[in-house]
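# Per-entry structural report
Chain by chain, the residues run as shown.
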Amino acid sequence: MASYDVIIVGSGPSGAAAALALSRRQSKRVLVLDEGQVEENHFNFPSLTSALDARTMTSVSALLGPKFEAIDQLEGEAWLHPKLTAAAARHVLRGRPFSVLNSRGVEIFKSNCSHALGGMSNAWGGQLLRYTNRDVQNIDWPFEQNIFSSAYDALERHIGISGVVDDASDLSGGGEIASKPLDMVPSAALLLDRYSRRAARFCPSPIYLGRARLAVNGGGSLLSVDAHSLGETEFLETNQPGLYTAQKTITQLVSERKISYRAGSSVIDWKENEDSVAVRYFDSRSGEKCEIVGKNLFLACGAMQSAALVAVSLKKDSITVPFVDHSPVLLPLWVLGALPIVPDKSYPIQLIGGLRAQRDFFSIYYPGGMFWSSLMRDLPCSYRFGARTISNILRRLLVAQIWYPSAAGCSSSLKIDKHGGMIIREHEARTAPPLARHVYEFAKLGAVTVPALSKMTPTGWGFHHAGTLPSRPHPGELETHLDGRLWNSRRVRVIDASVFPVLPAKNHSLTMMANAYRIASELQL
Ligand SMILES: Cc1cc2nc3c(=O)[nH]c(=O)nc-3n(C[C@H](O)[C@H](O)[C@H](O)COP(=O)(O)OP(=O)(O)OC[C@H]3O[C@@H](n4cnc5c(N)ncnc54)[C@H](O)[C@@H]3O)c2cc1C
């Protein structure tokens, strides 16, 4: 007899959203397994002394943050995303290792999948946007857009999203706003002010620009965000009070006794029977292999790790599946006339926008904390002089992170061997997108840049991983039904972004959560 109605593997945003939906149905027995553990949220300083040796500092905590969270790159991964070199976020990346090869077969990048209670959302920006018709038209999108509406509503209410109704509302998909947006840094405020004046004169403006939609819990809790005084708070310190992460949903549901949660449980494989699924996992606390039986199994391990579990359960030597992402282009912006102030407290994602005539999307970041901590250590000068120099640079600097829809078809693939080893391979050389129009529109707002300063990021770098087990109305091998079921299964469903065959030019987590919520709400039990 099955012990649980649903076993969910993975406690990131997709697993948490499904757990939430199931908790709202009458007396369902739900178990969430995750190989990550809460107590891993700490940071060891392998070479703190050597990192600090070369500096004479007046205030260590001003440089490193109150918890030394800004000592990044101590472990030396040259290609790793700077957000994840932040010490306090490192525990997120202890899952399966993977490497990325370019179209010439040369390794360009190495990293690890997520491994944490709350998954990657423990280290995220929390920008949560709806997909709109504009996002999904003319792409290989299998879902009717309106099937997500009620899930979007329910999740936005649960999470609490900050923002404001403005020009960018069309772009962000509207939705429920729980609290006012966070204060902007002066350079971003100036940019938005100039935009608003121009937009009032030229209607409609060729670009959208507006406030970000961020998963910061509304009301009073916002005030208790312990911001790193130099910005970039969320990437440098995990589990902050005001920032929503999936861990918060899981913790809440466990405390209300609506679900069971087992940390340190690494699922190995499963066997599907007529009326149940037997799931084998390794329990890191007892050091033993265990088995548990559920009526249904939901895979929510992230696009790569869910596909790896499918590969291992198939017992083939290796499988190759599509791999989709849309690594952003980074374009620095120099805001002329910005006030001579480095913000005391800030948040990285300041503004969002897009060109009206294109299907791109950009987030404008204040890169303060990240630059500060990285640059300070390398400046061959005193702390005081370095601080003044960096302040002068930072007060005008913003970075536009520009996304385009992921390439149609399969421009990259993921090969997984029987031990779960993973290699992403680009099949086509990536070419830099034209940025002339962006440069022109930003220049009209007094933000100067040149395309030569832009940086194309490698495949797999931007955390928007998807498409490994794509959803189809009539799925073939290694594909999924629209209700998440694997092509050959009645009881095993994939509920993370593996099922999205393409990605519109936007943060995808809210839609991924909405899909997981929908699947869990519609499950026949
Ligand atoms: C720095 C950063 C900024 C980001 N900013 C944004 C943003 O602003 N907006 C946005 O939409 N997205 C953002 N993202 C992306 C977002 O975090 C991911 O899209 C999201 O976390 C994916 O959720 P998931 O549930 O699919 O998987 P994950 O979050 O990867 O969670 C998977 C979970 O499964 C567990 N697991 C894996 N394999 C097993 C196994 N075999 N057994 C048991 N457990 C297992 C892992 O431990 C992990 O907890 C950001 C990510 C990062 C790192």
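All values derive from a computational prediction rather than experimental measurement.

Turning our attention to the overall build of the protein. Across its full length, the protein carries 15 helices and 19 strands. The proportion of buried residues among the 525 residues of the protein is 49%. Residue pairs in contact within the protein that sit at least 24 positions apart in sequence constitute 73% of those at least 6 positions apart.

Attention now moves to the pairing of strand E2 (residues 30-33). Of the two faces of E2, the one holding Val-30 and Val-32 and the one holding Leu-31 and Leu-33 are both buried throughout. As paired elements, strand E1 (residues 4-9) and E2 share four bridges and run parallel to each other. Residue pairing for E2: Ile-7 is matched across the bridge by Leu-31. Bridge analysis of E2 against strand E6 (residues 260-262) gives three bridges, and the strand direction is parallel. Bridge pairing in E6 links Leu-31 to Ser-260.

Another point: the packing of helix H6 (residues 149-159) against helix H15 (residues 509-522). Where H6 contacts H15, the two axes come as close as 9 Å, and the packing angle between them is 110°. Comparing the axis directions of H6 and H15 gives the class roughly perpendicular. The element H6 and its partner H15 pack so that their crossing is right-handed. On the side of H6, the interface is formed by Ala-151, Tyr-152, Ala-154 and Leu-155, while H15 contributes Leu-510, Met-513, Ala-514, Tyr-517 and Arg-518. Here the residues of the contact of H6 with H15 sort into eight nonpolar, no polar and one charged.

Moving on, we come to the environment of Leu-486. Along the polypeptide, Leu-486 turns up in the loop between strand E18 (455-456) and strand E19 (492-494). Given 23 C-beta atoms within 10 Å, Leu-486 falls into the buried group. As a C-alpha pair, Leu-486 and Val-499 span 13 residues in sequence and 9.8 Å in three-dimensional space. Not counting residues within four places of it along the chain, the set of residues in contact with Leu-486 comprises Val-310, Thr-480, Val-492 and Val-494.

Below, the discussion takes up the site of the ligand. What surrounds the ligand is a group of 41 residues, the closest being Gly-10, Gly-12, Gly-119, Gly-302 and Ser-509. Counting only elements with at least two residues in the shell around the ligand, the list comes to helix H1 (13-23), helix H4 (82-85), strand E7 (265-272) and helix H11 (303-314). The residue makeup of the shell around the ligand, split by class, is 16 nonpolar, 21 polar and four charged.

Moving on, we come to unusual backbone geometry. Although it is not a glycine, Arg-257 sits at a positive phi angle of roughly 60°. With respect to the element layout, Arg-257 can be found in the loop between helix H10 (246-255) and E6. Non-glycine residue Leu-478 carries a positive phi angle of around 65°. With respect to the secondary-structure elements, Leu-478 resides in the loop between E18 and E19. Residue class for Leu-478 comes out partly exposed when judged on the 19 C-beta atoms lying within 10 Å of it.

Ala-18, Ala-19 and Tyr-517 are the most contacted members of the largest nonpolar core, which totals 131 residues. Top element by residues in this core is H15. It accounts for eight residues. Sequence-distant contacts of Tyr-517, that is, excluding residues within four places in its chain, are made with Ala-17, Ala-18, Leu-20, Ala-21, Ala-151, Ala-154 and Leu-155.

Quick look at the sheet that holds strand E10 (residues 318-322) now. Spatial ordering of the open sheet is given by E4-E3-E16-E15-E10, a layout of five strands whose pairing is mixed. Two strands in the sheet have a free side with no partner beyond their single neighbour: strand E4 (107-112) and E10. Taken pair by pair, the neighbouring strands of this sheet meet at an average axis angle of 20°, ignoring direction. Judged from the five bridges that link them, E10 and strand E15 (residues 412-417) form a sheet pairing that is antiparallel. Looking across to E15, one finds that Ser-318 is bridged to Asp-417. Of the strands in this sheet, strand E3 (97-101), E10, E15 and strand E16 (422-426) touch H11, which is tilted by about 45° from E15.

Before going further, it helps to spend a moment on the pairing of E3. Regular strands have side chains that alternate between both faces of the sheet. Side chains Phe-98 and Val-100 project from E3 onto a buried face, and the interleaved Pro-97, Ser-99 and Leu-101 project onto a face without burial. In terms of strand pairing, E3 meets E4 through five bridges, oriented antiparallel. Bridge pairing in E4 links Leu-101 to Glu-107. Where E3 folds back onto E4 in an antiparallel hairpin, the turn is made up of five residues, including Gly-105, whose phi is positive at roughly 85°. Of the pairings in the sheet, the one linking E3 to E16 comprises four bridges and is parallel in character. Within E16, the residue paired with Phe-98 across the bridge is Met-422.

On to the packing of H1 against H15. Orientation of H1 relative to H15, taken along the N-to-C sense of each, is 35°, at an axis distance of 8 Å. Of the two elements, H1 crosses H15, and the hand of that crossing is right-handed. Here Pro-13, Ser-14, Ala-17, Ala-18, Leu-20, Ala-21 and Leu-22 of H1 lie close against H15, whose contacting residues are Ser-509, Met-512, Met-513, Ala-516, Tyr-517, Ile-519, Ala-520 and Ser-521. Residues belonging to the contact of H1 with H15 are distributed by class as follows: twelve nonpolar, three polar and no charged.

It is worth spelling out H10 at this point. Considered for burial, the residues of H10 that qualify are Ala-246, Gln-247, Thr-249, Ile-250 and Leu-253. The arc that holds every buried residue of H10, seen down its axis, measures 160°, which confines them to one face. Those residues of H10 that are buried lie in contact with H1, E2 and E6. Taken from the residues just after H10, Arg-257 is the one with a positive phi, measuring 60°.

Among the residues of H6, Ala-151, Tyr-152, Ala-154, Leu-155, Glu-156 and Ile-159 are the ones counted as buried. Buried residues in H6 make contact with H1 and H15.

Further remarks concern the environment of Pro-501. Mapped onto the elements of the fold, Pro-501 is located in the loop between E19 and H15. Pro-501 sits in the buried class, given 24 other C-beta atoms within 10 Å. Put simply, Pro-501 and Phe-323 are 178 residues apart on the chain and 8.8 Å apart in space, counted from C-alpha to C-alpha. Those residues in contact with Pro-501 that sit more than four places away from it in its chain are Asp-140, Pro-142, Gly-467, Pro-470 and Ser-471.

The rules behind the values
Residues numbered from 1 in each chain as written. Predicted model: local features only at pLDDT ≥ 70, side-chain atom pairs only at ≥ 80, totals over all residues. Helix = DSSP H or I, 4+ residues; strand = E, 2+ residues; numbered from the N terminus. Buried ≥ 20, exposed ≤ 12 C-beta atoms within 10 Å, placed from the backbone. Contact = placed C-beta atoms within 7 Å. Pairing = 2+ DSSP bridges. Axes fitted to C-alpha atoms, helices over the stretch in contact; angles between N-to-C directions. Parallel < 35°, antiparallel > 145°, perpendicular 65-115°, else oblique. Left-handed = near helix turned anticlockwise from the far one by under 90°. Nonpolar A, V, L, I, M, F, W, Y, C, P; charged D, E, K, R; others polar. Near = placed C-beta within 6 Å. Core = buried A, V, L, I, M, F, W, Y, C linked by C-beta atoms within 7 Å. Arc of directions from axis to C-beta.

The analysis is restricted to geometry; functional conclusions fall outside its scope.
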